[in-house]
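The lines below spell out each chain.
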Amino acid sequence: MTLSDAVTISGSSKAGRAAQEICAARYIPLQAELGGNNSSIVWRDADLAAAAASIAEGAFVFAGQRCTANRRVIIDSSVYDIFVNQLVLASRGLVWGDPADEKTQIGPLVSSASRNRVKAVIDRARAAAFRVISLSEKSDGARGNAWLEPTIVCCDDPNAEIVQEETFGPVLVVQRAEDWDEAILLCNGVKQGLAAAIFTTSPKRIEDFFQRVRAGILKINCSTANAAVDLPFGGWKASGIGPAEHGPANREFFTRMQSLYFL
């Protein structure tokens, strides 16, 4: 196999479409991971404090700059206010600072352009009258032009930009579900489908989650962030093109089958 026999990339949906056209013209396979707009469902029977800590870390560590970051949290309406308060407390407990310090959990974005792009989305959410909660007492501007305060946005409009578009920054969107069916609908209600999680103690609800959620990576009682390198890694819908990555999936992708006939 030569270096041009197959292509594997991780990038935006736009990059994935461009790579797909190039690979199709050359008749070579493509393996593309194209990001996620990942959600966690938190139900009333969950350990709410543990869920808040896990989701806060999954959303904001690395300033949200990983494809599996927890972008959205869908909360059972009966525990909505309680959980939002716990989520704010857990998020404010994370260490925001110099990435050269090993204690730091939240650093700057990769560039000032990324910071400005994400901040513009937050500003538009604020202008639309959604509740926007800043999670740092320190001014992001005082730290440099690539820093952005970790932010929670409470949004009950499933079609809002802040819900539908992946920010790839330190932003967590909170959505309210009046019942279980609405929670599943909200979870599936974006074009991406990389990872999803559920926090519950109900085996029946977990099984229904497995059956109905349209994502390539499903997690139970832990946030969407992180993935094991020895398991297949790939998204559904706009989160992936071609077969999954990692583990045996890579071996299969980079192997070409031949049938040998002997007379």
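A.B. asks: For this particular structure, what's the right way to read the sheet that holds strand β12 (residues 240-241)?
C.D. replies: Within a sheet, adjacent strands bond to each other through the backbone by hydrogen bonds, running parallel or antiparallel. The three strands lie next to each other as β1-β2-β12, forming an open sheet whose pairing is mixed. A single partner strand is all that each edge strand has here, and the edge strands are β1 (7-10) and β12. Direction of pairing for strand β2 (residues 30-33) relative to β12: antiparallel, over a ladder of two bridges. From the neighbouring strand, E33 faces β12, where its bridge partner is G240.

A.B. asks: Whenever I open this one, the pattern of salt bridges confuses me. Can you help?
C.D. replies: Close approach of charged atoms lets side chains of opposite charge pair. Overall, the coordinates contain nine salt bridges when judged by the stated rule. Of the charged contacts, one joins R44 and D76 as a salt bridge, the two residues approaching to 2.9 Å between their closest N and O atoms. With R44 in the loop between β3 (38-42) and α2 (48-60) and D76 in strand β4 (residues 70-76), this pair connects stretches of sequence that are 32 residues apart. For D76, a relative accessible area of 1% corresponds to the buried category. Of the charged contacts in the structure, one is a salt bridge between D123 and K119, with a shortest N-O distance of 3.1 Å. In this pair, D123 and K119 both sit in helix α4 (residues 112-127), four residues apart, roughly one turn of the helix. Overall, the relative accessible area of 32% leaves D123 in the partly exposed class. A relative accessible area of 28% means that K119 is categorised as partly exposed.

A.B. asks: Explanation requested: the environment of Q105 in the structure shown.
C.D. replies: The topology assignment puts Q105 in the loop between α3 (80-92) and α4. A relative accessible area of 25% places Q105 in the partly exposed class. Here the alpha-carbon distance between Q105 and V61, two residues 44 residues apart in the chain, equals 5.1 Å. Here Q105 is in contact with F60, V61, F62, A63, G93, L94 and V95, once residues within four sequence places are set aside.

What counts and how
Residues numbered from 1 in each chain as written. Predicted model: local features only at pLDDT ≥ 70, side-chain atom pairs only at ≥ 80, totals over all residues. Heavy atoms only, no water. Pairing = 2+ DSSP bridges. Helix = DSSP H or I, 4+ residues; strand = E, 2+ residues; numbered from the N terminus. Salt bridge = Lys/Arg side-chain N within 4 Å of Asp/Glu carboxyl O. Buried < 20%, exposed > 50% of the residue type's maximum accessible area, 1.4 Å probe, protein only. Contact = heavy atoms within 4.5 Å.

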